[in-house]
Amino acid sequence: MHCLEPGDYRVKLILVEDRSTRIDCVDFHPVADMAGACCLEEGACSFLTAAECAALGGIYQGDNVFCDPNPCQTPLLETSWGRIRFLYR
């Protein structure tokens, strides 16, 4: 039996369809860096650490913020109604 120290932990659960398999113990491993949603170019979202996000030039949304639903907005281009009509005529 393992005892955990107080702190933040990331847990990954894998569900198995095979009913003959039984989980008797789950080990938790401390996470060095928390991760969260990182908004990248053109509204793309990736689950990264703050350092990884910064290295890619993204905008970190915070620890444990997930990409589903996508918190990153697709950038809008400023234009006029006349310009839109010109493009689609």
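Residues numbered from 1 in each chain as written. Predicted model: local features only at pLDDT ≥ 70, side-chain atom pairs only at ≥ 80, totals over all residues. Heavy atoms only, no water.

A.B. asks: Which residues make up the overall build of the chain, and what are the values?
C.D. replies: For the chain, the count of helices and strands is two helices and three strands. Counting from the amino terminus, helix and strand elements in the chain follow one another as β-β-α-β-α. Counting the 89 residues in the chain, one finds 15% classified as buried. For the chain, the proportion of contacts with a sequence separation of at least 24, taken over those separated by at least 6, is 41%. (Helix = DSSP H or I, 4+ residues; strand = E, 2+ residues; numbered from the N terminus. Buried < 20%, exposed > 50% of the residue type's maximum accessible area, 1.4 Å probe, protein only. Contact = heavy atoms within 4.5 Å.)

A.B. asks: Account for the state of the cysteines, with residues named and values stated.
C.D. replies: One pass over the structure, following the stated rule, counts three disulfides. Disulfide pairing is shown between Cys39 and Cys72; the S-S distance is 2.0 Å. Residues Cys39 and Cys72 are joined through a disulfide that is left-handed, its torsion about the S-S bond being -90 degrees. Of this pair, Cys39 sits in strand β1 (residues 35-39) while Cys72 sits in the loop between β3 (59-63) and α2 (81-87), placing them 33 residues apart in sequence. What makes Cys39 buried here is its relative accessible area of 12%. Numbered in order of appearance, the disulfide-bonded cysteines of the chain are paired 1-4, 2-6, 3-5. (Disulfide = S-S within 2.5 Å.)

A.B. asks: I'd like a description of the environment of Gly57, backed by residues and values.
C.D. replies: With respect to the secondary-structure elements, Gly57 resides in the loop between α1 (50-55) and β3. Classification of Gly57 as exposed rests on a relative accessible area of 62%. Separated by 18 residues in the primary sequence, Gly57 and Cys39 place their C-alpha atoms 9.0 Å from one another.

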